[in-house]
Amino acid sequence: MATIEEALEIERLERDIFRGASTKTQLPRTFGGQVAGQALVSAVRTVEPRFQVHSLHGYFLRPGNPQEPTVYQVERIRDGRSFCTRRVTGIQDGAAIFTMSASFHVGDQGPEHQDVMPHVPMPDDLPDASTSMSPERLWAMREWEHWDIRMVPLENVSRRDGVVSQQQVWFRYRHLLPDDPLVHVCTLAYMSDMTLLGSSKVVHPDEPTQNASLDHAMWFLRPFRADEWLLYDQSSPSAGFGRGLTGGKIFTREGTLVAAVVQEGLIRTLRED
């Protein structure tokens, strides 16, 4: 299956128009993380190197065809001294399938604080998913064979009072990535769509649903490497009307909070027809 370099590959067609590669996949529609990641790479290509991504907000409008490339149109909304903003639209067959706003910041000095990482088993104490996952889920490991993904068993999840639906996942990219921080940011944007919506199904494990990401927001808080272990602490505060709201905090192995994610997804009960 595609490496992250292949999944995020884009070609510049015009000053602010790019084409994202289509890659080998088992999925019936383009993986949302790939669309978001390619859109972010496109936005990055239009800003000066001194700016770093600090947030993105995206909407998945239509399912993408994984056999076709996606064209990304970038709008330069604002170029300031400290911040700049880009809007990106992903297009297939003349229709928008994804839209995203991304904000960039040069970095400043100010007060600092962060939440504490929950107490969970370390990734070395958990089995590789390819050796512990049920046969019907092994296809997912084939799809993302370049990722090491280790689910914390539900009985070992660090529970918080009043939080109804939680799950925790360790992950890392299996291969060494370049030192460029933007490579790691775009790689994490790709990965952040993986497993998150599943936190809304933890308390409904036997209910068959149609699942899809609807919108996705992400904040990059501190430097990190995506080829080193990261803990994705996920929860779902609400589900109803066929939609599930989910959120996640991403920590390094040392406990540094490096990113936060909020996503709403479709979890519509399957109808017999």
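See above for the structure.
Read on for an overview of the structure. Treat the numbers as computed from the prediction; the structure is a model and nothing was measured.

Time to look at the overall build of the chain. What the chain contains, in helices and strands, is five helices and twelve strands. Over its C-alpha atoms, taken along the principal directions, the chain stretches across nearly 55 × 50 × 35 Å. A total of 273 residues make up the chain; the buried ones form 48% of that total. Long-range pairs, those at least 24 residues apart, make up 71% of the contacts in the chain with a sequence separation of at least 6. Looking at the chain as shown, the accessible area adds up to about 13900 Å², and 51% of this sits on carbon and sulfur atoms.

On to the pattern of salt bridges. Within the structure shown, the criterion is met by 16 salt bridges. With a closest N to O distance of 2.8 Å, Arg19 and Glu11 form a salt bridge. For Glu11, a relative accessible area of 40% puts it in the partly exposed group. In this structure, Asp128 engages Arg174 in a salt bridge whose closest nitrogen and oxygen atoms are separated by 3.1 Å. Taken together, the positions of Asp128 in the loop between β6 (95-105) and α3 (129-132) and Arg174 in the loop between β8 (166-173) and α5 (181-191) put the pair 46 residues apart, joining distant regions of the chain. A relative accessible area of 17% means that Asp128 is categorised as buried.

A separate point is the packing of helix α2 (residues 32-44) against α5. For the pair α2 and α5, the least separation of the axes is 7 Å and the interaxial angle reads 150°. Here α5 runs roughly antiparallel to α2, going by the angle between their axes. α2 and α5 meet at a crossing whose hand is right-handed. Taken together, the residues of α5 that come into contact with α2 (itself represented by Gly33, Gln34, Gly37, Leu40, Val41 and Val44) are Leu182, Val185, Cys186, Ala189 and Tyr190. The class makeup of the residues in the contact of α2 with α5 is eight nonpolar, three polar and no charged.

Taken in spatial order, the twelve strands line up as β1-β2-β4-β5-β6-β3-β9-β12-β11-β10-β8-β7 in an open sheet, and their pairing is antiparallel. For this open sheet the edge positions go to β1 (10-14) and β7 (147-151), each flanked by a neighbour on one side alone. Taking each pair of neighbouring strands and ignoring which way they run, the sheet shows an average axis angle of 25°. Each of β1, β2 (17-20), β3 (52-60), β4 (70-79), β5 (83-92) and β6 touches α2; the most contacted strand, β6, lies at about 50° to it.

The next subject is the packing of aromatic side chains. The tally for this structure, following the rule as stated, stands at seven aromatic pairs. On the basis of an interplanar angle of 65° and a centroid distance of 5.1 Å, the ring pair of Phe31 and Trp144 is categorised as edge-to-face. With Phe31 in the loop between β2 and α2 and Trp144 in the loop between α4 (138-143) and β7, this pair connects stretches of sequence that are 113 residues apart. Ring centres 5.0 Å apart and planes at 45° place the aromatic pair Phe60 and Phe98 in the tilted group. Of the two residues, Phe60 sits in strand β3 while Phe98 sits in strand β6, which places them 38 residues apart along the sequence. In this pair, the class of Phe60 matches that of Phe98, namely buried. Pairwise contacts between aromatic rings join Phe31, Trp144, Trp147, Phe171, Tyr173, Tyr190 and Tyr232 into one cluster.

Take α5 next. Most of α5 sits out of view: nine of its eleven residues are buried. Burial in α5 covers these residues: Leu182, His184, Val185, Cys186, Thr187, Leu188, Ala189, Tyr190 and Met191.

Look at Thr195: it is not a glycine, yet its phi comes out positive at around 75°. Here the phi dihedral of Phe241 falls at roughly 60°; this positive angle occurs in a residue that is not glycine. Take Phe241: it is sitting in the loop between β10 (230-240) and β11 (243-252). Given a relative accessible area of 84%, Phe241 falls into the exposed group.

Attention now goes to the nonpolar core. The nonpolar side chains of a soluble globular protein tend to be buried, and buried together. Counting 56 residues, the largest nonpolar core has Leu40 and Ile250 as the members making the most contacts within it. Leaving out residues up to four positions away in the same chain, Leu40 has contacts with Val53, Leu56, Met100, Ala102, Val185, Cys186 and Ala189. In this structure, Val120, Trp229, Phe251 and Leu257 belong to the second largest nonpolar core, which totals ten residues.

What follows is about the pairing of β10. Here β8 pairs with β10 via six bridges, running antiparallel. Within the sheet, the bridge partner assigned to Gln168 lies in β10 and is Asp233. Where β10 meets β11, nine bridges bridge the pair, whose relative direction is antiparallel. When the bridges of β11 are listed, Asp233 appears paired with Lys249.

Conventions and cut-offs
In every chain, residue numbers begin from 1 and rise along the written sequence. In keeping with the model being predicted, local features are shown solely for residues with a pLDDT of at least 70 and side-chain atom pairs are shown and tallied solely at 80 or more, while totals for entire chains, interfaces and linings include all residues. Neither water nor hydrogens contribute to the side-chain values; these are computed over all heavy atoms in the structure. Numbering goes from the N terminus for both helices and strands, where a helix is a DSSP run of H or I of at least four residues and a strand is a run of E of at least two. Think of it in three bands: with a 1.4 Å probe and only protein chains considered, a residue is buried below 20% of the maximum accessible area for its type, exposed above 50%, and partly exposed in between. Contacts between residues were defined by any pair of non-hydrogen atoms, one from each residue, lying within 4.5 Å. Computed with a 1.4 Å probe, the accessible areas rest on the Shrake-Rupley method; for each residue, only the protein chains presented here act as cover. We define a salt bridge as a contact between a side-chain nitrogen of Lys or Arg and a carboxyl oxygen of Asp or Glu at a distance within 4 Å. For helices, the fitted axis covers only the stretch in contact; all axes are lines through C-alpha atoms, and the angles between them, taken along N-to-C directions, range from 0 to 180 degrees. Orientation is classified from the angle alone, with under 35 degrees giving roughly parallel, over 145 giving roughly antiparallel, 65 to 115 giving roughly perpendicular, and any other angle giving oblique. Crossings are sorted by hand: turned counterclockwise from the far helix by less than a right angle, the near helix makes the crossing left-handed, and turned clockwise it makes it right-handed. Here the nonpolar group is Ala, Val, Leu, Ile, Met, Phe, Trp, Tyr, Cys and Pro; Asp, Glu, Lys and Arg are the charged ones; every other residue, Gly included, is treated as polar. Strand pairing follows a simple DSSP-based rule, namely that at least 2 bridges must link the two strands. The aromatic pairing rule takes the rings of Phe, Tyr and Trp, using the six-membered ring of Trp, and pairs them if the centres are within 6.5 Å, calling planes under 30 degrees apart stacked, those over 60 edge-to-face and the rest tilted. Note on terminology: a nonpolar core comprises buried Ala, Val, Leu, Ile, Met, Phe, Trp, Tyr and Cys residues joined through side-chain atoms within 4.5 Å.

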